[in-house]
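# Observations on the three-dimensional arrangement
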Amino acid sequence: LADWLGSEAEITVRTAPVRRSSMPVTVRVTGELAPGMEANIVSRLGGKVTAVRFNVGDSVPAGTIVANIHSTMLAERTVELRTAVAAARKNSESKNELVADAEKRLAKSRELYQQDLIARRDVTQAETVMHTVRAEAELARANLAQQEAMLAQVHRLQALTRLSAPI
């Protein structure tokens, strides 16, 4: 090392604290700009475009709503199904009230039969009425569930009216 340094045996080193700084740099390039990713967005639902939120060439984050579609058929179907659900709910409630009433009548008939005040035929008739009303109530509940499922399906279809950026 002494031969390499020559005659000096010591090297003087000074340190300075590191400071962050920025310096402007201008770079001139030529070429063509092209998007990194590009996607065509197509509606899976027919209808009228009611809103477009971006212009061609705008940068759009993934998942952002870029346009809205209005489907008259879907809007009409939603109104129809809401009305049908309300009617089915009212029908189901009235059938449940009829079941409760039929059960009370059956209990009263059984009590009167135990006291030998009515014939067995009257108890059998009350049981038949109660079973019939229960079946009607079950059918009304099934109809309500079906109408609610159809309305939920229309709500999922309405989600397709909002077109979002896939990438």
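Each residue is numbered by its place in its chain's sequence as written, counting from 1. For a predicted model such as this one, the threshold for reporting local features is a pLDDT of at least 70, and the threshold for listing and counting side-chain atom pairs is 80 or more; totals across whole chains, interfaces and linings nevertheless cover every residue. Remark: hydrogens and water are excluded; side-chain values derive from all non-hydrogen atoms of the structure.

## Comments concerning a nonpolar patch on the surface
Our working rule: Exposure above 30% relative accessible area and the absence of a salt bridge qualify a residue for a patch, where like charges join within 9 Å and nonpolar side chains (Val, Leu, Ile, Met, Phe, Trp, Tyr) within 5 Å. Note on areas: these come from Shrake-Rupley sampling with a 1.4 Å probe, and a residue is covered only by the protein chains present in the view. What makes a salt bridge here is a side-chain nitrogen of Lys or Arg within 4 Å of a carboxyl oxygen of Asp or Glu, nothing more. Under the DSSP-based scheme used, a helix requires at least four consecutive residues in state H or I and a strand at least two consecutive residues in state E, with every element numbered from the N terminus.
A cluster of nonpolar residues, Val 25, Val 27 and Val 29, forms a patch on the protein surface that exposes about 350 Å² of accessible area. Following the sequence through the fold, Val 27 ends up in the loop between α1 (2–5) and β1 (48–52).

## Let's talk about the sheet that holds strand β2 (residues 65–70)
Which entries qualify depends on this criterion: For two strands to be treated as a pair, DSSP must find at least two bridges joining them. Structural elements are reduced to axes, namely lines fitted to C-alpha atoms, with helices fitted over the stretch in contact, and the angle between N-to-C directions of any two is expressed from 0 to 180 degrees.
The sheet built from three strands is open, its strands ordered β1-β2-β3 with antiparallel pairing. In this open sheet, the two strands that pair with only one neighbour each are β1 and β3 (162–164). Pairwise comparison of adjacent strand axes, ignoring direction, gives a mean angle of 25 degrees for this sheet. For β1 and β2, the ladder comprises four bridges, and the chain directions are antiparallel. Bridge pairing in β2 links Val 49 to Ile 69.

## A short note on the pairing of β2
Sheet analysis places β2 next to β3, joined by three bridges and oriented antiparallel. In the sheet register, Asn 68 faces β3, and the bridge partner there is Arg 162.

## Examining the side chain of Lys 95
Basically, it comes down to this: Exposure classes here rest on a 1.4 Å probe applied to the protein chains alone. A residue is buried below 20% of its type maximum, exposed above 50%, and partly exposed in between. Should any heavy atoms of two residues lie within 4.5 Å, those residues are counted as being in contact.
If you trace the backbone, Lys 95 turns up in helix α2 (residues 72–114). Assessed through its relative accessible area of 19%, Lys 95 is described here as buried. Apart from the residues within four sequence positions on either side, Lys 95 is in contact with Val 133, Glu 136, Ala 137 and Ala 140.

## With respect to α2
Rule in force here: Helix span, expected: 1.5 Å multiplied by one less than the number of residues in the helix.
With 43 residues, α2 should cover 63 Å at 1.5 Å per step; its first-to-last C-alpha distance of 63 Å lies within 8% of that length. Within the span of α2, buried status applies to Leu 74, Thr 78, Leu 81, Val 85, Ala 88, Ser 92, Lys 95, Val 99, Ala 102, Leu 106 and Ser 109. The secondary structure elements touched by the buried residues of α2 are α3 (120–158). Looking at the residues trailing α2, positive phi occurs at Asp 116, about 60 degrees.

## Points about α3
Its 39 residues place the ends of α3 57 Å apart at the C-alpha level, agreeing with the 57 Å of an ideal helix rising 1.5 Å per residue. Here α3 has its buried residues at Val 123, Ala 126, Glu 127, Met 130, Val 133, Ala 137, Ala 140, Leu 144, Gln 147, Leu 151 and Val 154. In the core, the buried residues of α3 are packed alongside α2.

In short, the description is geometric, and any link to function would need to be established separately.
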